[in-house]
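# Structural overview for review
One letter stands for each residue in the lines below.
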Amino acid sequence: MFSPSLQRQLYELSKKLLSPQATLFEGDQSRLVEDLQQVLRFHEWKYYVQNDPVISDFEYDQLYKQLEALEAAHPDLITPDSPTQRVGKDLTENLAQVAHLTPMLSLDNSYDAEDLNDFDEQVKKLCKLDKEGDVEYCVEPKYDGGTIVLVYENDRLVRAATRGNGAVGDDITANIRTLRSVPLQAEFSKYGIHKVELRGEALIRKDIFEKINKARQEANDQIFANPRNAATGALRMKDPKEAAERGLEAFLYQMGYAVDDQDNNIIERFHSHDESIHMLESLGFKTPLANAGTRQHLPATKTCGSIREVIEFCVNWQEYRDEYPYELDGMVVKVNSIELQERCGYTSHHPRWAIAFKFKARQATTRLRDVEFQVGKTGAVTPVAKLEPVPLAGVTVSNVSLHNEEFIRSKDLRIGDQVLVERAGDVIPYIVKSLPELRDGSEQVVHYPKNCPVCHSLLVKQEEEAVWRCENAECEAQVVQRMIFHTSKHAMDIEGLGESTIERFYKLGWLRSIADMYRIDYEAVAKLEGFGEKSAANLRVAIEKAKQNPIYRLLHSLSIHHLGQKGSKLVAAEIGHVLDLKDWDLEKYQTIKDVGPVLAKNVFHFFQNEHNIELLQTMEQLGVNLQQTEADKRPDAPTEGPLLGRSILFTGTLSQMTREEAEKRAIAAGANIASGVSKHLSILVVGEKAGSKLKKAQALESVEIWSEVEFLERIAD
Ligand code: IVH
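What you see is a predicted model, and the numbers here were worked out from it, not measured in a lab.

## Concerning the sheet that holds strand E2 (residues 108–110)
Pairing between sheet strands relies on hydrogen bonds along the backbone, with the strands arranged either parallel or antiparallel. Read from one edge of the open sheet, five strands run E2-E11-E10-E3-E9, paired in mixed fashion. A single partner strand is all that each edge strand has here, and the edge strands are E2 and strand E9 (302–304). Taking each pair of neighbouring strands and ignoring which way they run, the sheet shows an average axis angle of 35°. Summarising the sheet, strand E3 (residues 137–143) and strand E10 (residues 328–335) pair through seven bridges and their orientation is antiparallel. Across the sheet, residue Tyr137 finds its bridge partner in E10, namely Val335. Across the sheet, helix H10 (residues 307–320) is in contact with E3, E9, E10 and strand E11 (354–358); its angle to E10 comes to roughly 165°.

## Examining the pattern of salt bridges
Evaluation of the coordinates by the stated rule reveals 34 salt bridges. Between Lys46 and Asp52 there is a salt bridge, and its shortest N-O distance comes to 3.4 Å. Relative accessible area serves as the criterion here: at 40%, Asp52 is assigned to the partly exposed category. Glu544 is the salt-bridge partner of Lys547, the closest N and O atoms lying 3.0 Å from each other.

## Quick word on the sheet that holds strand E5 (residues 156–162)
Spatially, four strands are ordered E5-E4-E7-E8 in an open sheet, and the strand pairing comes out antiparallel. The sheet terminates laterally at E5 and strand E8 (248–259), the two strands that pair on one side only. Strand-to-strand twist in this sheet, taken as the mean axis angle between neighbours without regard to direction, amounts to 25°. In terms of strand pairing, strand E7 (residues 195–204) meets E8 through ten bridges, oriented antiparallel. When the sheet's bridge partners are listed, Leu198 is paired in E8 with Met255. Its contacts with the sheet put helix H7 (residues 227–235) on strand E4 (146–153), E7 and E8, and the angle it makes with E7 is roughly 130°.

## Considering the nonpolar core
Judged by nonpolar contacts, the single largest core of 56 residues is most densely connected at Leu497, Phe505, Leu555, Phe607, Leu616 and Met619. For this core, the secondary structure elements donating two or more residues are helix H13 (476–487), helix H14 (499–507), helix H15 (522–527), helix H16 (533–547), helix H17 (551–557), helix H18 (565–572), helix H20 (597–608) and helix H21 (610–621). Sort the elements by how many residues they give to this core and H20 lands first, with six residues. Once you skip the residues sitting within four places of it in the chain, Leu616 turns out to touch Leu554, Leu558, Val578, Leu579, Phe606, Phe607 and Leu626. Counting 38 residues, the second largest nonpolar core, distinct from the first, contains Phe224, Ala231, Met255 and Ala258.

## Brief notes about the packing of aromatic side chains
Considering all chains together, one arrives at 21 aromatic pairs under this definition. Ring geometry for Tyr47 against Tyr48: centres 4.6 Å apart, planes inclined by 55°, an arrangement best described as tilted. Ring geometry for Tyr346 versus Trp353: centroids 6.1 Å apart, planes at 85°, classification edge-to-face. Through pairs of rings, three or more aromatic residues link up here, namely Tyr143, Phe251, Tyr253, Trp317, Tyr324 and Tyr326. We note Arg512 situated over the ring of Tyr506; from NZ or CZ to the ring centre the distance is 4.7 Å.

## With respect to unusual backbone geometry
Located in the positive-phi region is Asn154, a residue other than glycine, with phi close to 50°. Relative to the elements of secondary structure, Asn154 occurs in the loop between E4 and E5. Look at Asp594: it is not a glycine, yet its phi comes out positive at around 75°.

## Describing the pairing of E11
Counting buried positions along E11 gives four out of five residues, so the element sits mostly inside the fold. Pairing geometry for E2 and E11, over three bridges, is parallel. Each residue of the ladder has a partner; that of Asn109, found in E11, is Ala356. The sheet contact formed by E10 and E11 spans five bridges and is antiparallel. Residue pairing in the sheet places Gly330 in a bridge with Lys358 of E11.

Criteria and cut-off values
- Residues numbered from 1 in each chain as written.
- Predicted model: local features only at pLDDT ≥ 70, side-chain atom pairs only at ≥ 80, totals over all residues.
- Heavy atoms only, no water.
- Pairing = 2+ DSSP bridges.
- Helix = DSSP H or I, 4+ residues; strand = E, 2+ residues; numbered from the N terminus.
- Axes fitted to C-alpha atoms, helices over the stretch in contact; angles between N-to-C directions.
- Contact = heavy atoms within 4.5 Å.
- Salt bridge = Lys/Arg side-chain N within 4 Å of Asp/Glu carboxyl O.
- Buried < 20%, exposed > 50% of the residue type's maximum accessible area, 1.4 Å probe, protein only.
- Core = buried A, V, L, I, M, F, W, Y, C linked by side-chain atoms within 4.5 Å.
- Phe/Tyr/Trp six-rings, centres within 6.5 Å; stacked < 30°, edge-to-face > 60°.
- Lys NZ or Arg CZ within 6 Å of the ring centre and 35° of its normal.

The structure is reproduced here in structure tokens:
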């Protein structure tokens, strides 16, 4: 994009424009605007893509202000891809959903040399290659940020989206435009490309992340757990101005789709993956080729002639990962030849020509300061290790669950011990072992409490269980935990009534049982600090909505031990009204398929308890639905989704997914798959070369006829 001679020219031009003799409002104004735009693009590329600025920030600002002033005087000269137009003024209320041009698949994982050798063998088999011959692979960092999907059409950035569910993501164009490492225009047409979809990752550099968190801490804002959370949060911000302040950068690592102006797929014209990445680099994108400041002898990406080289490169990287300025969770190994990639093909989950090499879990040692005991919603008492805070794989770890008494005993953990903590990727950190060789004699054995730490009643342990329980159902800790669970996403799903609000209302004496949630005094809520009329009104709407929930949600929300969502659905399908259960005997539960004896006993006991019946009666009087709804009648069917209850059929060749996958998605969206075209069919999705089914459906006017794209858009609703 910027050849060495063009770079020299633009540098000279910048100096001229910055010189005191430069006169802004004289001469050809449109030419001047173009010059300033081009000069600013060049400096953005030097700074944000190449990490190699050639002018100072102050000088950049001067040039930027000149362009702003000129554009203000001549608004007709403003183009959407001017450097001044990155930050839009509009707020996005709700992110729109957009269908990707090709499905965004995941990657298969490998963890050691053996896995990579297996992968290599599999590739050779799929490509029908000689066992001894070598396949060329590209190895690049596996960035740990927020996945982004960019679409350029006619050389302009037209859309940016998150990965979403792989088929459909959130439209984040306004935020992505603010990233100066993302060109708003790129000359794809030079390569015969009319429309292209690029995949990449938006990241926050580790040092910038530290600064952001420090500032948040000083401002008493909640800090981010890791750079990935900060990045994915920034991508979805409502105000592009705020998103721009998070210091996001974008690396583009994959061209997923490219067509010429006749809509012909032209991916194969690129012989190899690295050829396409070099093209992206030459067009001004930041790619894995960028020198991101690691050791000279260890580039970020490498084309390897054999799997042996791949293994060596990956293992080396594992050792230096901490030197890289961005968080990585591994490396990605890709078959380089596009022709061989095609031969390998795809599963519905991942391409068979690529694999992630995941870095080893990280470990750290720290001191076990104390063990606290927390009481959960069913009374289970869980020991929690209070650790001297220690940074581990991008997060600071200070609390780690110790599960139960046996765990503490088997690891011989003592308060004051140095312990080894491990965290693999997203997995919750855990204690691997204590280091008894470092003891000085002051360490204390952990005493398991005999009484509940909150209500002090005697703890009980059932023979078949590993945990001690507080059996006092009125124990304050349990009551609050049950309320928190009651409103949670998978239970009654009451937005705005989360943990801190429940604790607050509880302390105010407003909530004594879950029934109280349905008689909240909204006027009083509105007067609370941090609430106001609007929040109180929103809370009312959320609670009124929850009152209409199907009864499987209500059953689930009651915190009956072992009764999860699946069990709740099975029970709900059998009853007309929740209180029917008070007349059920134990045997009756066991006639329900998939309901085991323990679950049966727990539900039975719950409905034998008079307090619980009174609670449900009160809730019903307060308007909570206890009657079976349509959604309760089919426990296997999805209970929500844009195609709920509609029958659908696919015909012709689909281009973006297999028939099987399309059907799976339709079912997940709530539809049922029809066996043929009849008047009972609601939707026919037509791919290429559709035949008699289409004709038949057209004749039946009741059938809606959708294209594949329309289908993808509808399931995204
Ligand atoms: S290629 C069709 N390359 O990893 C293959 N993915 O577990 C598409 N990721 O969400 C993936 N760095 O966003 C590829 N250099 C890289 C990557 C990369 C990070 C992410 C990707 C995806 C996840 C898969």
